[in-house]
Amino acid sequence: MKKLLGIVGTNSNNSTNRKLLQYMETHFSDKADIELVEIKELPMFVKDKSIELPESVKELSDKVEQADGVIISTPEYDHSVPAALMNALSWLSFKTHPFVDKPVMVVGASYGTLGSSRAQMHARQILDSPELKARIMPSSEFLLDHSLQAFDEQGQLISKEKIELLEGLFSDFLTFVEITGQLMEAHAVNVREADDYTWED
């Protein structure tokens, strides 16, 4: 069984993106072991080579490194990802590079009609940067719109169509994890290039 990490891409205490990952954790428990992690306690990122990585960042980096794949659920703030998610990804591309060649699935929930589509697009662009070099599953948007009404009192998704789509995408992601696991011939070089990327202003 694959070990996956689900990153709650917000510092909100009451987020439907957390609910979405919690649903996935239980709904797919027979297919994968999904561990959910929070980013709301990470310190503010500072671009300074002289500083040591905070322990909370080291712990998150280790979890990403050890996972077979990562699922990121992001809301949409001002047509982009939340500052908290950008902060986490900045830390995880500084002195540590656990996302290099890591399979990633991006999902998202929002209160409105677009289901975090623009935030997911920006998350993909960030994850494809030379400092992160993740392998993002293509053509796989899961957009949960009107997310305040999307779950019942037990935290279950209500829409059968959304459930069917998510099940298909998750099955595809497990296949994607298998395939990308075989594409590691350049991994050492990719890590070195990410590590050598300049952080000078």
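Residues numbered from 1 in each chain as written. Predicted model: local features only at pLDDT ≥ 70, side-chain atom pairs only at ≥ 80, totals over all residues. Heavy atoms only, no water.

Participant: How should I be thinking about unusual backbone geometry in this particular structure?
Facilitator: Glycine aside, residues mostly have negative phi, and peptide bonds are mostly found in the trans state. Notably, K95 is not glycine yet its phi reads approximately 70°, a positive angle. In this fold, K95 is placed in the loop between helix 3 (83-91) and strand 4 (103-109). For K95, a relative accessible area of 39% gives the class partly exposed. Phi at S139 is positive, roughly 50°, even though this residue is not glycine. Within the element layout of this structure, S139 appears in the loop between strand 5 (135-136) and strand 6 (142-144). (Helix = DSSP H or I, 4+ residues; strand = E, 2+ residues; numbered from the N terminus. Buried < 20%, exposed > 50% of the residue type's maximum accessible area, 1.4 Å probe, protein only.)

Participant: Explain the layout of surface pockets to me, please; I cannot follow it from the model alone.
Facilitator: Which parts of space are left empty comes out when a probe the size of a water molecule is rolled across the atoms. Size it by volume and the largest pocket reaches roughly 180 Å³. Tallied by class, the residues present in the lining of the largest pocket amount to six nonpolar, three polar and five charged. Estimates place the volume of the second largest pocket at around 160 Å³. The wall of the second largest pocket is formed by V37, E38, I39, K40, E41, L42, S56, E59, L60 and K63. Among the secondary structure elements, those contributing two or more residues to the lining of the second largest pocket are strand 2 (32-38) and helix 2 (55-66). Here the element with the most residues in the lining of the second largest pocket is helix 2; it accounts for four residues. Split into classes, the residues belonging to the lining of the second largest pocket amount to four nonpolar, one polar and five charged. (1 Å grid on protein atoms, 1.4 Å probe; cavity = no way out; pocket = protein on both sides within 12 Å on 5 of 7 lines; lining within 4 Å. Points joined across faces, edges and corners; volume = space filled by probe spheres on them. Nonpolar A, V, L, I, M, F, W, Y, C, P; charged D, E, K, R; others polar.)

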